[in-house]
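# Coordinates in review
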Amino acid sequence: MIIQCAEASQSGGHPGKGWFLVVEGALHSLSWNSSQRLRAEAVLTLPWTFKSVVVAGLPGRSLTLVDFKVQAQQSSMAPYYIRKYQESDRTQVLDLFFHALDEYGPASFRHILKLPRTLVLLLGVSLGLLLVSGSWLLALIASPTLLTALRFLCKYPWTKFTAECLRTDMSNITKSYLSEPGSCFWVAEAEGQVVGIVGALPVKERSLHKEQLELLHLCVALDRRGQGIAKALVRTVLQFARDQGYSQVVLTTSMLQHSALALYQRMGFQKLHQFSPLCWRLLAVPLVTLVYCLPSAQASWAHE
């Protein structure tokens with residue numbers, strides 16, 4: 001386990017603050033300074049089995065093992081709160097949005113490499129070139145060339161989606177989400193930084209415009225995941241939908257986004273339908289629409 005800012009001290013030294021590596025109930029420090037009191041701020045659980053630690057940046061200085069007790073709980077994380085978007089958040093919001101989408105290009109590439117048809121394609125093209133040309137060089141070059149093309153192909157749907165968002169709702173977040181009732185955009189803030197975002201707009205289809213609210217762009221910073229921020233943002237959208245009198249909250253995600261899909265389903269979203277636009281079909285990554293049904297305003301009033 002790695003934990004930042006736990007109460008501890010060097011043997012024969014002074015209390016210190018920094019990143020600590022917990023090994024079998026004992027503490028190694030990776031960095032120290034002169035702070036006197038420390039508090040738990042960040043936790044990352046990992047199955048470490050190291051028996052010793054090399055401390056970078058501290059030449060000629062050895063740190064002894066210190067026994068300690070610490071509760072690594074999510075409640076010990078630096079606090080966050082959810083608020084409406086402000087125009088001053090724009091740069092941080094877009095940075096978080098871009099970084100989140102950048103993760104899915106490599107994930108899509110790993111996914112497509114696992115497909116049997118990819119292996120058939122790589123072997124088939126190389127073997128075909130060998131049989132036609134008789135050149136081992138061409139056969140050997142074929143696979144790296146195809147892999148490069150596949151990597152580009154895997155980025156394309158996400159690049160296209162990003163560009164589309166920047167042309168539409170994300171081009172002017174205030175205008176798109178905060179100019180009319182029935183829509184909103186929230187950020188999760190921790191220590192002055194935007195660490196999570198989510199938006200909500202009425203669906204575009206006119207017949208459902210007043211019934212369905214669409215959840216959009218749920219993103220959480222990589223180093224802040226596992227703290228319940230995504231769940232809190234989704235709950236914020238659901239509560240907003242109730243307050244505004246919507247009967248359903250809908251969203252679209254890809255089957256590749258396993259963590260997000262699992263979160264939505266745990267929170268009560270149900271699969272409505274699955275579809276595959278052409279660019280996603282090439283990656284064998286279907287999109288899925290989920291729906292969360294809310295009690296109607298009329299039903300709520302009837303029970304009161």
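On a predicted model such as this, the values are computed, not experimentally measured, just so you know.

Parameters and conventions
Residues numbered from 1 in each chain as written. Predicted model: local features only at pLDDT ≥ 70, side-chain atom pairs only at ≥ 80, totals over all residues. Heavy atoms only, no water. Pairing = 2+ DSSP bridges. Helix = DSSP H or I, 4+ residues; strand = E, 2+ residues; numbered from the N terminus. Axes fitted to C-alpha atoms, helices over the stretch in contact; angles between N-to-C directions. Contact = heavy atoms within 4.5 Å. Core = buried A, V, L, I, M, F, W, Y, C linked by side-chain atoms within 4.5 Å. Buried < 20%, exposed > 50% of the residue type's maximum accessible area, 1.4 Å probe, protein only. Parallel < 35°, antiparallel > 145°, perpendicular 65-115°, else oblique. Left-handed = near helix turned anticlockwise from the far one by under 90°. Nonpolar A, V, L, I, M, F, W, Y, C, P; charged D, E, K, R; others polar. Phe/Tyr/Trp six-rings, centres within 6.5 Å; stacked < 30°, edge-to-face > 60°. Lys NZ or Arg CZ within 6 Å of the ring centre and 35° of its normal.

In space, the 7 strands of this open sheet follow the order β6-β7-β8-β9-β10-β12-β11, with mixed pairing throughout. The open sheet has two free edges, formed respectively by β6 (81-84) and β11 (270-275), since each of these has just one partner strand. For this sheet, the mean inter-axis angle between neighbouring strands, taken without regard to orientation, is 25°. Bridge count between β6 and strand β7 (residues 184-190): 4 bridges; the pairing is antiparallel. Considered in β7, the bridge of Y81 is made with E189. Lying on the sheet, helix α6 (residues 229-244) is in contact with β6, β7, β8 (193-202), β9 (212-220), β10 (248-254) and β12 (287-293); it crosses β9 at an angle near 160°.

Before going further, it helps to examine the nonpolar core. Here is a general trend for soluble globular proteins: nonpolar side chains tend to be buried in one another's company. The biggest cluster of nonpolar side chains holds 62 residues, and the ones touching the most others in it are V93, F185, I197, V249 and F269. Among the elements that line this core, the one with the most residues is α6, at 7 residues.

Moving on, we get to the packing of helix α1 (residues 90-102) against helix α4 (residues 136-167). At their nearest, the axes of α1 and α4 sit 10 Å apart, and the two run at 160° to each other. Classed by the angle they form, the pair α1 and α4 counts as roughly antiparallel. Handedness of the α1/α4 crossing: right-handed. Along its contact with α1, which presents L94, F97, F98 and L101, the element α4 presents W158, F161, T162, C165 and L166. In terms of residue class, the contact of α1 with α4 is built from 8 nonpolar, 1 polar and no charged.

So, on to the packing of aromatic side chains. Scanning the model with the defined rule gives 7 aromatic pairs in all. The interplanar angle of 75° and the centroid separation of 5.7 Å between the aromatic rings of Y85 and F185 together place this pair among those described as edge-to-face. Within this pair, whereas Y85 is found in the loop between β6 and α1, its partner F185 is found in strand β7, the two being separated by 100 residues in sequence. When sorted by exposure, Y85 lands in the same class as F185, which is buried. Measuring from ring centre to ring centre gives 5.0 Å for Y177 and F185, while their planes differ by 70°; the resulting arrangement is edge-to-face. A connected cluster of aromatic rings, assembled from ring pairs, spans Y85, Y177 and F185. Residue placement shows R151 over the ring face of F109; its charged tip is 4.2 Å from the ring centre.

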